[in-house]
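Geometric and topological summary
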Amino acid sequence: MVDVILGLQWGDEGKGKIVDYFAPQYDVIARFQGGPNAGHTLYVGDRKVVLHQIPSGVFHEKTVNLIGSGVVLDPVTLRRECAKVAEFGIDVRKNLFISERTHLILPTHRALDKASEQSKGNDKIGSTLKGIGPAYMDKTGRNGLRVGDLLDKSFTTQYIKLRLKHQKMLDSFNFNEDISEWEEEFFDAVEFLKQLNIVPGEYFINERIRKGQRILAEGAQGSMLDVDFGTFPFVTSSNTISAGVCTGLGVAPQTIRDVIGVTKAYCTRVGGGPFPTELLDETGEELRKLGNEFGATTGRPRRCGWIDLVALRFACMVNGVTQLVMTKTDVLDPFTDIYACEKYSVGGKDLDYIPFQMTRMDIQPIYTKIKGWNSSIENSKDFTSLPGALHSYIQYIDGAVGAKIKYISNGPGRDQIISVP
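Here the residue numbering is sequential within each chain, running from 1 through the sequence in written order. Local features in this predicted model are restricted to residues whose pLDDT is 70 or higher, and side-chain atom pairs enter the listing and the counts only when it is 80 or higher, whereas totals over whole chains, interfaces and linings include all residues. Each side-chain value is worked out from all heavy atoms of the structure, with water and hydrogens disregarded.

1. As for the overall build of the protein chain
- Helix and strand counts for the protein chain come out as 12 helices and 20 strands.
- Its C-alpha atoms give the protein chain a radius of gyration of 21 Å, near enough to 22 Å, the size a compact globule of 421 residues would have.
- Expressed as lengths along the three principal axes of its C-alpha atoms, the size of the protein chain is roughly 65 × 50 × 40 Å.
- Residues counted as buried form 57% of the 421 residues belonging to the protein chain.
- Carbon and sulfur atoms provide 49% of the accessible area of the protein chain, an area that totals close to 18000 Å². Elements are defined by DSSP. Helices are runs of H or I of four residues or more, strands are runs of E of two residues or more, and each kind is numbered from the N terminus. Atoms considered for the radius of gyration are the C-alpha atoms alone. The globule rule reads 2.2 Å times the number of residues to the power 0.38. Under the scheme applied here, a residue whose accessible area is under 20% of the maximum for its type counts as buried, over 50% as exposed, and between as partly exposed, the area being computed with a 1.4 Å probe on protein chains only. Accessible surface area values rest on a Shrake-Rupley calculation with a 1.4 Å probe, where residue burial reflects the displayed protein chains alone.

2. Some thoughts on the packing of helix α11 (residues 309-319) against helix α12 (residues 388-401)
- Direction vectors running N to C along α11 and α12 enclose 60°, while the axes themselves pass 9 Å from each other. When the interaxial angle is binned, α11 and α12 end up oblique. For the pair α11 and α12, the crossing hand works out as right-handed. For the pair α11 and α12, contact is made by L309, L312, R313 and C316 and by Y396, I397, A400 and V401, respectively.
- A breakdown of the residues in the contact of α11 with α12 according to their chemical character gives 7 nonpolar, no polar and 1 charged. Lines fitted to C-alpha atoms define the axes here, with helix axes fitted over just the stretch in contact, and angles between the N-to-C directions of these axes take values from 0 to 180 degrees. Angle categories: roughly parallel below 35 degrees, roughly antiparallel above 145, roughly perpendicular from 65 to 115, and oblique for all the rest. Left-handed describes a crossing whose near helix is turned anticlockwise from the far helix through less than a right angle; right-handed describes the clockwise counterpart. Should any heavy atoms of two residues lie within 4.5 Å, those residues are counted as being in contact. Side-chain classes follow a simple rule in which Ala, Val, Leu, Ile, Met, Phe, Trp, Tyr, Cys and Pro form the nonpolar group, Asp, Glu, Lys and Arg form the charged group, and the remainder, Gly included, forms the polar group.

3. Observations concerning the layout of surface pockets
- Cavity: a set of points on a 1 Å grid over the protein atoms alone where a 1.4 Å probe fits but cannot get out. Pocket: an open set with protein on both sides within 12 Å along at least five of seven lines, its lining residues, like those of a cavity, having an atom within 4 Å of a point. Grid points are joined across faces, edges and corners, and a volume is the space filled by probe spheres set on the points. Here the second largest pocket defines a volume of roughly 280 Å³.
- Lining of the second largest pocket is provided by 15 residues; of these, D74, T77, R80, R110 and K130 occupy positions nearest its centre.
- Mapped by element, the contributors of at least two residues to the lining of the second largest pocket are α2 (75-86), α4 (107-119) and α7 (180-193).
- Element by element, the count of residues in the lining of the second largest pocket is highest for α2, at 5 residues.
- For the lining of the second largest pocket, a count of residues per class yields 4 nonpolar, 3 polar and 8 charged.

4. Focus on α11
- For α11, a buried count of 8 out of 11 residues is recorded, marking the element as mostly surrounded by other parts of the structure.
- By the burial criterion, the buried members of α11 are L309, V310, A311, L312, F314, A315, C316 and N319.
- Within 3.5 Å is the distance limit for a polar contact, defined as a pair of N or O atoms, with the added protein rule that one can donate a hydrogen and the other accept it, and that residues adjacent in sequence qualify only through two side-chain atoms. The distance from a side-chain oxygen at the start of α11 to the backbone nitrogen of V310 is 3.1 Å, and the residue carrying that oxygen is D308.
- G320 sits one or two residues past α11 and shows a positive phi near 65°.

5. Structural notes on the pairing of strand β19 (residues 405-409)
- Taking burial as the measure, the 5 residues of β19 include 4 buried ones, the bulk of the element.
- Sheet analysis places strand β15 (residues 323-327) next to β19, joined by 3 bridges and oriented parallel. Looking at β19, one finds that L324 is bridged to I405.
- The pairing of β19 with strand β20 (residues 417-419) spans 3 bridges and is classified as antiparallel. In the strand pairing of β20, I408 is matched with I418. Here the rule is simple: two strands pair whenever DSSP picks up at least two bridges between them.

6. Focus: the environment of G271
- Along the chain, the position of G271 falls in the loop between β12 (267-269) and α10 (282-290).
- As a C-alpha pair, G271 and T128 span 143 residues in sequence and 8.7 Å in three-dimensional space.

7. Quick look at the pattern of salt bridges
- The salt bridge definition used is simple: a Lys or Arg side-chain nitrogen within 4 Å of an Asp or Glu carboxyl oxygen. Evaluation of the coordinates by the stated rule reveals 20 salt bridges.
- With a closest N to O distance of 2.6 Å, E293 and R302 form a salt bridge. R302 shares its class with E293; the two are buried.
- Put simply, D12, K264, E293, R302 and K328 are held in one network by salt bridges that share partners.

Shown next, in the form of structure tokens:
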């Protein structure tokens, strides 16, 4: 069967650590969507490592890792990551596999991303400028190049043809930046990529399902950034919800068992777009400082706020979440009082659902005040040693969203995870 781990907010929920924690229980870890804008932070011993495209199970020797066809892959980023992973004694040629249907991010995709974002002026969506949106546009426009194409002798011809098309688009933006260095890096990285394990991903993973192996599908970004169900247009370019597992890996819906949703004990967002519980005050700054809330990929400061239960209920619903993991719980340690948004107030009406277009309305959060535990939990080893006020907070979230918290993270360390009975 296939279990799924994905984020339930606007990304940055700490999915990498959670996948790393669960990885020993699985035979295969598979990324099913997204690109190198994802930053999954892991701690190997006392060393910090951020993975952008390689699945988070790579540091477990007996675990096989698959980059699925729903991902858009930047060969340059991948080569850098592989070099970083090699510093830990990991040979990716043994435990990393890439679907031949995975689409490639070209240098001109990065240029198009930058040109498009610059043209938006004050309406920028906060793109990471990694070329992800344009790569997905070429995928849906039936123009893209895929990993399997690298093995065809006509690849260079295909590349030049697509590059010419992109150049016309760049001309329309009056974009004149020299990308020759990007191209040189790209073709060097392509030669490296061709040495890795390129496989028919859908057969690769279904054969393992047939043999009874355990598969963990790893999502990137967060559910509120889903291209269909997120806060459009301030979203990513792929389906980040559990439905994306089927199209991103080539597995049938009935193979999916547990959907493990990851949420912070509060809420953050990077980039533009609606964020009803954002705190533009000292409390928001304190959350940012205590949680070290800066993007793992971009370094940008994250916008911070209290937990949004309207959005969290929505994400649990569209994903079919069967259990929750709450991360960064320890960040709330110093607070005497904490708050949770139960409803939105819009034009004098109370809403308990996500509106169609959140950018067109003034949304005011309706908060419930909750007693904080006001003590450190970083050294806690089990549920019984946690403060009673935290027990109450967990029970409150369970009831509010209709899914049970099964684990909490009480620090950045690999072993700082507590099971909730």
